[in-house]
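Notes for the structure review
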Amino acid sequence: MSLAQVHYISAAPGDAEKTAGRFTAVGPGVSQALLAEIEPLVGYALPDGASHRPADAELRSLPQAFTYAALSDGSRLVGRTVPARGEGTAPVRFHAHAVHIPSGLPLPGDRLPVEAWRSPHWVSATPVGSAPPDPLGALPPGPAPVREGLDDFAVSRGPWLAAVLADLRRASEEAAAGGPVVLVEKQTADVARWLGLAAVTLPRESVERLTFTTYTRRPGSSTLRVVGALPEDAAAAREAGLRVHVCADRPPVDGTPDMWARTAARVWRSRAPELFQEARELPGDPFAGGPLAVIALCNGVALGPEERAAAAGWAAERPYALDAERIGRLVEALASPGIDDRTGSEFDAVGRLFGALDGRCPAPVTAPLAAMLVTEAVRGGNGSPELPRRDAFTGPDGEVTAKALGPEILAELESGAGGTRPVARTVQLLRVARLLGVNVTELLPGVVDRLAPALLAEASGEPGPPAFAPALLELLDEQFDVRTALLGALDRIAPEDPGAVARFLERVALPFTGTQALPHLRMCAEAPGAMTTLGRDRTAVWHRVLRAAGLSPFAEPLVLRTAAGLVWEDRAPTVEEARMLLEAATSDAHRAAGTWARLVDAALGAPAETAGTADAEDATALAHDLLQAFPQKIGGRERAALQLLDLCRDLRTGAPEPGWAEQVRTLRDRAAPLEPAIQERAFTALVERLLAPDRPGAELYAFVRSDDADLIAAYDRAARAEPTRTRLRTHPAYAADCFTHWTAHPHAGTAWTTTAAALLDEVLRPAVRGMTAEAVAEVEETVGRTGSSGRANAFRDWNRSRALGRLGRRIAGRVRRG
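We now turn to the structure provided with this report. On a predicted model such as this, the values are computed, not experimentally measured, just so you know. (Residues numbered from 1 in each chain as written. Predicted model: local features only at pLDDT ≥ 70, side-chain atom pairs only at ≥ 80, totals over all residues. Heavy atoms only, no water.)

Notes on the overall build of the protein
- Of the regular secondary structure elements, the protein holds 37 helices and nine strands.
- Whereas a compact globule of 818 residues would reach a radius of gyration of roughly 28 Å, the protein reaches 51 Å, over 25% beyond that.
- With the C-alpha coordinates aligned to their principal axes, the bounding extent of the protein is approximately 165 × 95 × 40 Å.
- Each of the 818 residues in the protein was classed as buried or not, and the buried ones make up 49%. (Helix = DSSP H or I, 4+ residues; strand = E, 2+ residues; numbered from the N terminus. Rg over C-alpha atoms; globule rule 2.2 N^0.38 Å. Buried < 20%, exposed > 50% of the residue type's maximum accessible area, 1.4 Å probe, protein only.)

In structure tokens form, the structure reads like this:
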């Protein structure tokens, strides 16, 4: 080994201007280009406040710069720069002593650079004589190995350990960028100790890339990866945007997200640095959280939940990488009863580890994991589907676990909190009860009665399959009695909200293809496909869904409610669909199923149609049939509205009971608030009957005397309609009857007198004017015959006044023109 030596000393007063110093001795093989590169690396600046003429003790206490640097030609430099006693006007100068390591060669003894920081080789003065110094064949370490005292130092720097190690790891990467990591300590020896910690913690190739100096006044301009600085220079380093760790100040508050660094810090605080080498022997990324966490747990180092989860996850992926002894120690550490901060991710990772070890290791080895999993499932509430197999709890270990957890499981399942307890929790408790052999037979009916509606409620708030679906299907596959009871409970509640059940079954494919009848569930499962296939033909969908039940509505009336809820859900059937529903089963079946209310909604929601159409007749006929079929069920406002529709039927097709004009008004008031379509239908039927030639006089009189503005307005609209106008023009007797009626009640209310006068002038007069003289004479004769001679005279005067009025206006116009 041949290591060329270099000595450098700071400039004295009177030296050439702008010269910081000069090389006083240079060994063979170090070119001028390398010297230019080395000079800034070995420079030195006194700290602020340093004495101009320090005593010997003060001189020794000044910071020393121990440096390791990579040069541009691939060679490296290791050296020390220290203050030295000067002469005359320069009482303090600095002296640098370094060795040049050729490219590709290690340090003597294959040592790391940091091991030479206390080497007795370093001198603080240039050897006497001008000859180049002899190359070194060795660079002995200091009087004590680099690891001596590092444990105590690491413990003293506990709050900073994780953050500093994380930054040192990043600085050791091949493509590290962003300027140096700055370690601020009051003593440069402590910076060297940080580098010693890195040398032990990091892999060798990373350590060799970690160039450094233990002291500089200008961290921002350094090309090294790690630099030491005094506290007074920390602010300038922060302003330069560097990562600064002030280890002589208050401890940091925020932790580092680097899991490997957090684990490494715990290893150092446990005074077990030998574990780093042990971890590096495991496969995988050396800076992954898993390998070091595994070794730490196997050696009794306490870790946090994220680190434990990483260890369990790593071991689950590589169960072959650990021998039986390490697996046993890892399981013991993970399942320790003293841990009280486990998280869901840790629980899941341990579940995967158990799955990887189950069958590979003896049951006594994995039993603590199985016990921990179910204990966490019961007491921690974790809903993960990863649970041990049932045979993992045979023997004494299973009995102990069941004895401890069984009462807790039963107490929670029995509690009335099932309505608010998440579905995943109930499912988990039932699964764990089976694993431990806990008998829940007596509690099962109440549990599933609370679980069934909770399934629908939780699933309704999620767009896709609910989170609890995998665990629920596992439960139903594992436990036949739970499956039977739960499917039965869902079938019982399906008639109340079949749409919700159908949507749930689309998201969660429940296994109900066995021997259970489950008519309502089968209907709910059939509905989405039927709607997709048959589209808007709701009658066809109804028949297909009803067939899926496998039961007749006569035998099980509730299938009517389920089918109606699936097909119409929150809508009312049309009149035609309602008549189909009414004919599909007896009135008793509809009463039992509650579907009679949907039929009532169909009748009340029917749109107003033109009088005499088939739809209008169907709606009134439906109302009549509903009143006959459900006299005890229909009451209040709905009954009055249906009676009003039924009266419309009688007004158009039969002979209603006397007093129907008043009855329309009475039923309208009882049915308030009345559907506009029904009111329109009833008013139209009434006024059309009142405008008919054979109208009863008593009904007409009652109508006029009511002075009901809405009814009279409907009468006015019907009288102006084309059917009435045509009849007036073509039937003199009808025109005579209308004249008699519209002039017979001069002292009725304002609404009627105003309407009658307008009808005489705007409807009847144009009709009479268009008649022949013979027809007009017939009108006059009929008015006199059915009324009196005075009534005939009134008609002549009414008819003449209009004609004279036209003649007078014509004459007046001629006079004005003359």
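A few points about the layout of surface pockets
- The volume enclosed by the largest pocket comes to roughly 480 Å³.
- Elements represented by at least two residues in the lining of the largest pocket include exactly α2 (56-61) and α5 (188-201).
- When its residues are assigned to classes, the lining of the largest pocket shows 10 nonpolar, six polar and seven charged. (1 Å grid on protein atoms, 1.4 Å probe; cavity = no way out; pocket = protein on both sides within 12 Å on 5 of 7 lines; lining within 4 Å. Points joined across faces, edges and corners; volume = space filled by probe spheres on them. Nonpolar A, V, L, I, M, F, W, Y, C, P; charged D, E, K, R; others polar.)

Observations concerning helix α29 (residues 660-670)
- For α29, the full list of buried residues reads Trp660, Ala661, Val664, Arg665, Leu667 and Arg668. Along α29, the residues classed as buried sweep out an arc of 165° about the axis, all on the same side.
- Along its buried surface, α29 packs onto α28 (636-653), α30 (676-690), α31 (697-706) and α32 (709-720). (Arc of directions from axis to C-beta. Contact = heavy atoms within 4.5 Å.)

A look at the packing of helix α21 (residues 519-534) against helix α23 (residues 558-568)
- It is the contact of α21 with α23, at a shortest axis distance of 10 Å, that shows an interaxial angle of 25°. Put simply, α21 runs roughly parallel to α23. The hand of the α21/α23 crossing is right-handed. Judged by residue contacts, Pro519, His520, Met523, Cys524, Ala527 and Met531 of α21 engage Leu558, Val559, Thr562, Ala563, Leu566 and Val567 from α23.
- In terms of residue class, the contact of α21 with α23 is made up of 10 nonpolar, two polar and no charged. (Axes fitted to C-alpha atoms, helices over the stretch in contact; angles between N-to-C directions. Parallel < 35°, antiparallel > 145°, perpendicular 65-115°, else oblique. Left-handed = near helix turned anticlockwise from the far one by under 90°.)

A closer look at the pattern of salt bridges
- Counted according to the given criterion, the structure contains 43 salt bridges.
- Arg503 is paired through a salt bridge with Glu569; the nearest N and O atoms lie 2.9 Å apart. Residue Arg503 is found in helix α20 (residues 498-507), and its partner Glu569 is found in the loop between α23 and α24 (575-584); the two are separated by 66 residues along the sequence.
- In this structure Glu569 comes out as partly exposed when scored by relative accessible area, which is 35%.
- Here the salt bridges share partners, and the residues they tie into one network are Glu662, Arg665, Arg668, Asp669 and Asp708. (Salt bridge = Lys/Arg side-chain N within 4 Å of Asp/Glu carboxyl O.)

Some words on the packing of helix α4 (residues 158-171) against helix α8 (residues 259-269)
- At their nearest, the axes of α4 and α8 sit 8 Å apart, and the two run at 130° to each other. In terms of their interaxial angle, α4 and α8 are classed as oblique. Crossing hand, α4 versus α8: right-handed. Across the interface between the two elements, Gly158, Leu161, Ala162, Leu165, Ala166 and Arg169 from α4 touch Trp260, Ala261, Arg262, Ala264, Ala265, Trp268 and Arg269 from α8.
- A breakdown of the residues in the contact of α4 with α8 according to their chemical character gives nine nonpolar, one polar and three charged.

Thoughts on empty space enclosed by the protein
- Scanning the entire structure with this criterion turns up six cavities of 30 Å³ or more.
- There is about 100 Å³ of room inside the largest cavity.
- As for the largest cavity, its lining consists of Thr201, Pro203, Trp260, Phe276, Ala279, Arg280, Asp285, Pro286, Phe287, Ala288, Pro291 and Leu292.
- Of all the elements in the fold, those that place two or more residues in the lining of the largest cavity are α9 (274-280) and α10 (289-298).
- Residues that form the lining of the largest cavity fall into these classes: nine nonpolar, one polar and two charged.

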